[in-house]
Amino acid sequence: MDHLIIDALRDVLTGQCTPAIVRAIENEVAAHNGCAPETDLTKISATAATLWQQIEDTGFADLLLPEDEGGAGLALRDAFAVWDLLGQHAMPLPLAETMLARGWLVAAGVAVPQGAIALAPHLLVEGGGVGTSGVRGARVAQWVLGQHGGELVLLPVAGAQASPSIFVLDADLRWKAETLVSATRVPAPASLLVAQAGLVSALLAGSLLTTFESTLNFANERQQFGRPIGKFQAIQHELAVMAEHVSAARMAAQIACEAGGVLADPLKVAVGKARTGEAAVEVASLAHSVHGAIGFTTEFDLQLFTRRLHLWRQTAGSESYWQLQAGQALVAAGGMSLDVIRQITDSTAAA
Amino acid sequence: MTILNGLGLTRIPPEGEALRAEVRAFLQDAVKDIPAHIRAKSWSGYDPAFSRRLGEKGWLGMTFPTAYGGHAQGAFARYVVVEELLNFGAPVGSHWIAERQSAPLILKYGTEAQKQRYVPPVARGESFFCIGMSEPNAGSDLASVRTRAVPNDAGWLLNGQKIWTTNAQHCQYMIALVRTSGEAADRHKGLSQLIVDLNLPGVTVRPIEDMSGDSHFCEVFFENVQLAPDALVGAEGQGWEQVTAELAFERSGPERLFSSVVLFDQWLAFLRTEATPRAESLRLAGQILTRLAPLRALSVAVQEKLVQGQSPIVEAALVKDQGTVLEQYIPAAIADDLMAREGAAIPHELMLTLNYLTLVSPCYTLRGGTRSILRGMIARGLGLR
């Protein structure tokens, strides 16, 4: 992984994806929720449009494209560090998704469109149209890359009927049959759900780290009973348990992204998404426990991260879903569990 | 935050993997007649003949210098052998402590004469050690040990008592942490490590039966035990530093992940015999797998840091606490799964293994440091104390 890329992205995010900017985007989009989607982001959120343009200008959305296509030729295992950083900064735009979608589209010989691309692994054709609910980041995307059967379909957000979803930046979307017919379609190289679960694992790894670090800082600063609360053994043990979950989940997310190209290994993704999802619930709970009532407020930044922990945990399959996938693979494999574990954990990077 | 950021996904290098196939072929034959509920004892199992066979194969003392009967191999080669031994449930308890801790301690701190005398028999699988750290009223407060060795004309005169000493009844030697100067109130100062020949007059070993019915740990009493001057390992008064360094090396190995793996594999084999395994069972299998695999990756990453000469003490504690909790969860979860069936015929041997691990698993989060102690170490590493 090129450290220059990571350092450059960190600089952009530290300056341009601050908690204040994340809040501004969420608030601006909330003011427009229920309205029709727009192709022009400035009509929904000028702040989102500005952030997107900064990212577009630096080429971060093209990192998975081959170098001769204007990208950096990154593999998923390199993308982990990028997606981890996005999670650390509570990225409010579907940048990780756009990176993946552009990588897949170019690999299929399709020119990448301008703008952010959200992912919809389960497009449902019904009543003469096509729809899907809870598309992550749809309110701040221009396109949706969906999967329908063995096909990927690139659909414009502007052509959709949108209704609010649970998370402010998401939307339930529905397109007319004509839009589906005229949309760009390519054979799906793999499961879009697996791909999304892999990148969400990495986003979770980042948000877990920030949630933990900010909780640790709070414990060192917050004084109660005449000393920092981090001096109390009960708080220390809560932080130790948080650190355990974060360390295991971050390793699991690296496993999920362990692939030399742009296609993830389904079993490794199952490990990543199941373990990061478990950690998300535990770490969010412990973080709020350590923060007390302060952390429960809107004005405190913790909520930007713990809301994402729960949201991303609910994206692209929960723990139960991926544990079942992993269990089926393990039982089908036969032999010793050690050999399945080795297959999952051994990086192929240096082999 | 380098502790949570610093462990990357890696793999055991090819020179480490080189022996795996040969070890596995040996184990497939060596344990084929041992029932699963006996194999489940893994590193608590006692079988000196098996230890000697491993010694003959060159699979003990793999990392020791050849001058002391070792094989000068890398730590990853040993990691692979240990991982295979544990996953097969091989009875490695006889030599376990001697090979993992005692001989490396002597190699690090001992005199040339001590190395020549004690290390080669360990590498041959003929000499077994136990560790005398805990005392009846010290427990997790290890620095408060009261067993005392007083220097005299003949060497050291030892009096006191140790407890929870694994396999003391089968061992020739104990490396004991004792007070050689100062008082218990002096804490870390004045502690030393001594090699005690357990056949000496004045030593009494009394096995303690655990709730599974095994007696793998003991009380050991010392009544005016006369030790020679060369019983001292390392420097007088440096015992605490030596012990803490020693503990760091035992916390993140495969033995903190695979203590329940014989049961896990046996249960998976049972699921494979069912015409239609319950979805809940498959999900549980996946839950255990998706918890275990990242920990194994962490364990390998910590091993790599050790190979590079770093001291990842906190990282090792993070692995140990999670690993032992998962080891403890496995029998409880499998019992829940098996008893969710109505009238299914569950193999008796599977139930025997389940029962053994159910009764022995409380010790997983005690041995090598209790959960509370480990969480305190993690908190210290995080800068909270």
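Because the structure is a prediction, the values reported are computed rather than measured.

(A) Broad picture of the overall build of chain A. Across its full length, chain A carries 12 helices and 10 strands. In terms of overall dimensions, chain A has C-alpha extents of about 65 × 55 × 40 Å along its principal axes. Residue burial in chain A is summarised as follows: out of 351 residues, 60% are buried. For chain A, the share of sequence-separated contacts (at least 6 apart) that also reach a separation of at least 24 residues comes to 73%. Surface summary for chain A: the accessible area is close to 12700 Å², and the carbon and sulfur share equals 54%. The positive charge centre, built from 21 side chains, and the negative charge centre, built from 34, are 6 Å apart in chain A.

(B) How the structure looks around empty space enclosed by the protein. All names here are of chain A. Using the criterion set out here, one finds 4 cavities of 30 Å³ or more in the structure. Its volume calculated, the largest cavity comes out at about 170 Å³. Forming the boundary of the largest cavity are 17 residues, of which Met91, Leu93, Glu97, Arg136 and Trp312 lie nearest the centre. Ranked by residue count, the leading element in the lining of the largest cavity is helix H10 (residues 302-313), at 3 residues. Tallied by class, residues from the lining of the largest cavity come to 11 nonpolar, 2 polar and 4 charged.

(C) Main features of the packing of aromatic side chains. Residues and elements named next belong to chain B. The full count for this structure, using the stated rule, is 13 aromatic pairs over all chains. Between Tyr118 and Tyr173 the ring centres are 5.2 Å apart and the planes differ by 90°, which places this aromatic pair in the edge-to-face class. Within this pair, whereas Tyr118 is found in helix H8 (residues 112-123), its partner Tyr173 is found in strand S4 (residues 173-179), the two being separated by 55 residues in sequence. Tyr118 gets classed as buried once you look at its relative accessible area, which sits at 6%. In textbook terms, an aromatic cluster arises when at least three aromatic residues are bridged by ring pairs, as seen for Phe26, Phe50 and Trp59. The ring of Tyr329 carries Arg291 above its face, with NZ or CZ at 5.0 Å from the centroid.

(D) Highlighting helix H9 (residues 266-291) of chain A. Residues and elements named next belong to chain A. Taking 1.5 Å per residue as the helical rise, H9 with its 26 residues ought to reach 38 Å, and the 37 Å between its terminal C-alpha atoms agrees with that figure. The buried fraction of H9 amounts to 20 of the 26 residues, a majority that puts the element mostly inside the structure. The N-cap of H9, judged by a side-chain oxygen 2.8 Å from the amide nitrogen of Leu267 a few residues on, is Asp265. Just beyond H9, the residue with positive phi is Gly292, at close to 65°.

(E) Examining the interface of chain B and chain A more closely. Facing 52 residues of chain B, the contacting portion of chain A comprises 55 residues. When the two sides are added together, the surface that chain B and chain A hide from each other amounts to roughly 4600 Å², 64% of it contributed by carbon and sulfur. If you look at where chain B meets chain A, you find 5 salt bridges. Between Arg11(B) and Asp346(A) there is a salt bridge, and its shortest N-O distance comes to 3.8 Å. The interface formed by chain B and chain A contains 21 residue pairs in polar contact (both at pLDDT 80 or more). Sorting the residues of the side of chain B that touches chain A by element identifies helix H1 (2-5), helix H3 (20-30), helix H6 (75-88), helix H10 (261-273), helix H11 (279-307), helix H12 (313-338) and helix H14 (371-381) of chain B as the ones contributing at least two each. For the side of chain B that touches chain A, the element with the most residues is H11(B), which contributes 17 residues. Looking at side-chain class alone, the side of chain B that touches chain A contains 26 nonpolar, 11 polar and 15 charged residues.

(F) Structural view of the pairing of strand S4 (residues 143-148) of chain A. All names here are of chain A. Summarising the sheet, strand S1 (residues 117-120) and S4 pair through 4 bridges and their orientation is parallel. Its bridge partner being in S4, Ala118 is matched across the sheet by Val144. One ladder, built from 6 bridges, connects S4 with strand S5 (residues 151-156); its direction is antiparallel. By the bridge assignment, Gly146 is partnered in S5 with Val153. Remark: 2 residues form the turn of the hairpin made by S4 and S5, two consecutive strands paired antiparallel; Gly149 in that turn has positive phi of roughly 60°.

Rules used in this analysis
Residues numbered from 1 in each chain as written. Chains lettered and ligands numbered in written order. Predicted model: local features only at pLDDT ≥ 70, side-chain atom pairs only at ≥ 80, totals over all residues. Heavy atoms only, no water. Helix = DSSP H or I, 4+ residues; strand = E, 2+ residues; numbered from the N terminus. Buried < 20%, exposed > 50% of the residue type's maximum accessible area, 1.4 Å probe, protein only. Contact = heavy atoms within 4.5 Å. Areas by Shrake-Rupley, 256 points an atom, 1.4 Å probe, with all protein chains shown as cover. Lys, Arg positive; Asp, Glu negative; His and termini not counted. Charge placed at Lys NZ, Arg CZ, Asp CG, Glu CD. 1 Å grid on protein atoms, 1.4 Å probe; cavity = no way out; pocket = protein on both sides within 12 Å on 5 of 7 lines; lining within 4 Å. Points joined across faces, edges and corners; volume = space filled by probe spheres on them. Nonpolar A, V, L, I, M, F, W, Y, C, P; charged D, E, K, R; others polar. Phe/Tyr/Trp six-rings, centres within 6.5 Å; stacked < 30°, edge-to-face > 60°. Lys NZ or Arg CZ within 6 Å of the ring centre and 35° of its normal. Expected span 1.5 Å × (residues − 1). Polar contact = N/O pair within 3.5 Å; in protein donor to acceptor, adjacent residues only side chain to side chain. Buried area = accessible area lost by both parts, 1.4 Å probe. Salt bridge = Lys/Arg side-chain N within 4 Å of Asp/Glu carboxyl O. Pairing = 2+ DSSP bridges.

Nothing here speaks to function; it is geometry throughout.
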